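Next come the chains, spelled out residue by residue.
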Amino acid sequence: ICTALYAGEMRYINYDDLQNFDAYEGEVIFTYNHQNQFESYVLEDSWDYPYTRAECVGVVKNLYNLLVENVEPENQEYWLLKGIVASYLYNLDEMEYFVEAENAFRAVQALPSYDYRCLWFLANHYMDSALVIKSVGLFQNIFEVIPAENLQPDIFIDYGLAAYLARMPMTAKYAYDL
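Reading the values: rules and limits
- Residues numbered from 1 in each chain as written.
- Predicted model: local features only at pLDDT ≥ 70, side-chain atom pairs only at ≥ 80, totals over all residues.
- Heavy atoms only, no water.
- Helix = DSSP H or I, 4+ residues; strand = E, 2+ residues; numbered from the N terminus.
- Rg over C-alpha atoms; globule rule 2.2 N^0.38 Å.
- Buried < 20%, exposed > 50% of the residue type's maximum accessible area, 1.4 Å probe, protein only.
- Areas by Shrake-Rupley, 256 points an atom, 1.4 Å probe, with all protein chains shown as cover.
- Salt bridge = Lys/Arg side-chain N within 4 Å of Asp/Glu carboxyl O.
- Axes fitted to C-alpha atoms, helices over the stretch in contact; angles between N-to-C directions.
- Left-handed = near helix turned anticlockwise from the far one by under 90°.
- Contact = heavy atoms within 4.5 Å.
- Nonpolar A, V, L, I, M, F, W, Y, C, P; charged D, E, K, R; others polar.

Enquirer: Tell me what's going on with the overall build of the chain, and back it up with residues and numbers.
Expert: Helix and strand counts for the chain come out as nine helices and zero strands. Taken from N to C terminus, the helices and strands of the chain fall in the order α-α-α-α-α-α-α-α-α. Since a compact globule built from 178 residues should have a radius of gyration of about 16 Å, the 16 Å found for the chain is in line with a globular shape. Along the first, second and third principal axes, the C-alpha set of the chain runs to 45 × 45 × 25 Å. Residues counted as buried form 50% of the 178 residues belonging to the chain. Summed over its atoms, the accessible surface of the chain is roughly 9,100 Å², and 52% of this surface lies on carbon and sulfur atoms.

Enquirer: With reference to specific residues and values, describe the pattern of salt bridges.
Expert: If you walk through the whole model with that rule in mind, you get six salt bridges. A salt bridge links Arg-53 to Glu-44; the shortest N-O distance between them is 3.0 Å. Residue classification places Glu-44 among the exposed positions, given a relative accessible area of 52%. Across the pair Lys-61 and Glu-94 runs a salt bridge whose closest N-O atoms are separated by 3.0 Å. Of this pair, Lys-61 sits in helix H3 (residues 53-69) while Glu-94 is found in the loop between helix H4 (76-91) and helix H5 (97-109), placing the two residues 33 residues apart along the sequence. The class for Lys-61 is partly exposed, based on a relative accessible area of 25%. One network of salt bridges, with partners in common, ties together Glu-77, Asp-115 and Arg-117.

Enquirer: Tell me about the packing of helix H6 (residues 117-128) against helix H8 (residues 154-165), and please be specific about residues and values.
Expert: Two numbers describe how H6 lies on H8: the axes approach to 11 Å, and their chain directions differ by 30°. For H6 against H8, the interelement crossing comes out left-handed. Touching Trp-120, Asn-124 and Met-127 of H6 are Asp-154, Ile-155, Asp-158, Leu-161, Ala-162 and Leu-165, all from H8. When the residues that make up the contact of H6 with H8 are grouped by side-chain class, the tally is six nonpolar, one polar and two charged.

Structure representation (structure tokens):
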């Protein structure tokens, strides 16, 4: 329930920092407004949205392709957005985008300065991919380096869910208490 209410990494992107935003603004707006349809996997039987899965794949894949065409190699916001979009495609059954998402989030770490969002979003990607132990490990890496008061509060909701899925109820409770 918590992730359905609070998830959505797209709201943590600084769109003003994207130099080529005009080239894909319409696709970003659609994806942002409908991210509840693909921020986690939805079974075909449970798909009850205004757009079909194929329509969503078409728009989100078009956004991904526009990002590839308008590369900003030294821009953290670009790589974060590209990773989020790739993870959405993976959640829409486009399996080859698992590695694309992982690579985009890891590319942020190669930049001279970056913040913790790349690890947070990668941890969420792993959690959505049933790799909860890897997810919990990334969250713990963040918390070892950055004091809790300097983190976006929504990260604790995601960490709590990852810990719960990893059968770590006391860690989940601790995260939710934070």
